[in-house]
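Observations on the three-dimensional arrangement
Residues per chain, in single letters:
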Amino acid sequence: MGAAAESGQSARIVLLGPPGAGKGTQAQLLAARLGVPAISTGDMLRAAVAAGSELGRRVDSVMASGALVDDALMAEVVRERVAQPDTGKGYLLDGYPRTLPQAETLAGILAGAGQALDAVLLVDVPEDELVRRALLRGRGDDKEEVIRERLRVYREKTEPLIGYYRERGLLREIDGNRPVDEVTSRMFAVFGMDDGNGGAAG
Ligand code: AP5
């Protein structure tokens, strides 16, 4: 894909990794370069909470506790979002899927549209660094006990997706415990793109 994505072909990518790994940070940079929207389910849910919508009222306390919103509700949210006109060239999913049933839902959405994923980028970072980053950021759910709960939920519910996507030949592992621009370069390299500064990435 890579240069192809830049020259107009489609790109459908999932960013996987623990809370605080830098998925949101990298999603913006990579999506802009690929010319597709970055779709963050966490951002969508936080916007719903801020707007006081029915969805927001349903997910507010779940998010505050560090638990996951239920799969059926997330399926509705994602199905509607990926059907929007800005996804014509694809999308970069940040924070979805994060359970095996969500991965199956996504596979069904893609199959129904005659599409397939191009890659799943796993961004990994040691746990102490994840907690340090989250405490520095200080979002509503960035209190230490909630961060630890989000990490526990990640290990239990989301880590099985690593094997799921590895078996399907889609997984690409990126060391997220590096400066932001280095992580970005390594992601660009997966797609055969240079780092945007005239040099080859990686
Ligand atoms: P979500 O918003 O997806 O949170 P998360 O996965 O916990 O991810 P974060 O936003 O904490 O981290 P990130 O990896 O995006 O890192 P970031 O770039 O921000 O989900 C929140 C909640 O919504 C969930 O707990 C759940 O309740 C619900 N939810 C969402 N999706 C769901 C789904 N599919 N199913 C069910 N429930 C769902 O970076 C973190 C910090 O580190 C920032 O301050 C950043 O500046 C800094 N940083 C980034 N990169 C680096 C670097 N290389 N070096 C140093 N600092 C860095």
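Residues numbered from 1 in each chain as written. Predicted model: local features only at pLDDT ≥ 70, side-chain atom pairs only at ≥ 80, totals over all residues. Heavy atoms only, no water.

Lining the immediate environment of the ligand, one finds 30 residues, of which Thr 25, Ala 67, Arg 137, Arg 150 and Arg 178 sit closest. One nitrogen or oxygen atom from the side chain of Lys 23 is found 2.9 Å from an oxygen atom belonging to the ligand. Interatomic distance of 2.8 Å between a backbone N/O atom of Gly 24 and an oxygen atom of the ligand. Surface burial for the ligand is 87%, taken as the share of its 1000 Å² of free accessible area covered by protein chains. Those elements that place two or more of their residues in the shell around the ligand are helix H2 (23-34), helix H3 (41-51) and helix H7 (127-137). (Near = heavy atom within 4 Å. Polar contact = N/O pair within 3.5 Å; in protein donor to acceptor, adjacent residues only side chain to side chain. Areas by Shrake-Rupley, 256 points an atom, 1.4 Å probe, with all protein chains shown as cover. Helix = DSSP H or I, 4+ residues; strand = E, 2+ residues; numbered from the N terminus.)

What follows covers the nonpolar core. By size, the foremost hydrophobic cluster in this structure holds 28 residues, and its most contacted members are Leu 106, Leu 117, Val 120 and Tyr 165. For this core, the secondary-structure elements that each account for two or more residues are strand E1 (11-16), helix H4 (54-65), helix H5 (71-82), strand E3 (90-94), helix H6 (100-112), strand E4 (119-124) and helix H9 (160-167). Other than its neighbours up to four places away in sequence, Leu 117 contacts Arg 12, Ile 13, Val 14, Leu 106, Leu 110, Tyr 165 and Leu 170. Core analysis: the next-biggest nonpolar cluster, separate from the first, contains 25 residues, Ala 11, Ile 13, Val 131 and Phe 188 among them. (Core = buried A, V, L, I, M, F, W, Y, C linked by side-chain atoms within 4.5 Å. Buried < 20%, exposed > 50% of the residue type's maximum accessible area, 1.4 Å probe, protein only. Contact = heavy atoms within 4.5 Å.)

Okay, unusual backbone geometry next. Residue Pro 97 follows Tyr 96 across a cis peptide bond; omega there is 0°. Along the chain, Pro 97 turns up in the loop between E3 and H6.

What follows is about the pattern of salt bridges. For the structure shown, the criterion picks out 20 salt bridges. For Asp 43, the salt bridge identified is with Arg 46, shortest N-O distance 2.8 Å. Taken as a pair, Asp 43 and Arg 46 lie in helix H3 at a separation of three residues, close to a single helical turn. Exposure remark for Arg 46: the relative accessible area of 26% places this residue in the partly exposed category. Among the ionic pairs, Arg 58 bridges to Glu 54, the shortest N-O distance being 3.9 Å. Of this pair, Arg 58 and Glu 54 both sit in helix H4, four residues apart, which is roughly one turn of the helix. For Arg 58, a relative accessible area of 47% gives the class partly exposed. For Glu 54, a relative accessible area of 53% corresponds to the exposed category. Residues participating in the shared-partner salt-bridge network are Glu 127, Glu 144, Arg 148, Arg 155 and Glu 159. (Salt bridge = Lys/Arg side-chain N within 4 Å of Asp/Glu carboxyl O.)

The values are spatial; any link to function lies outside them.
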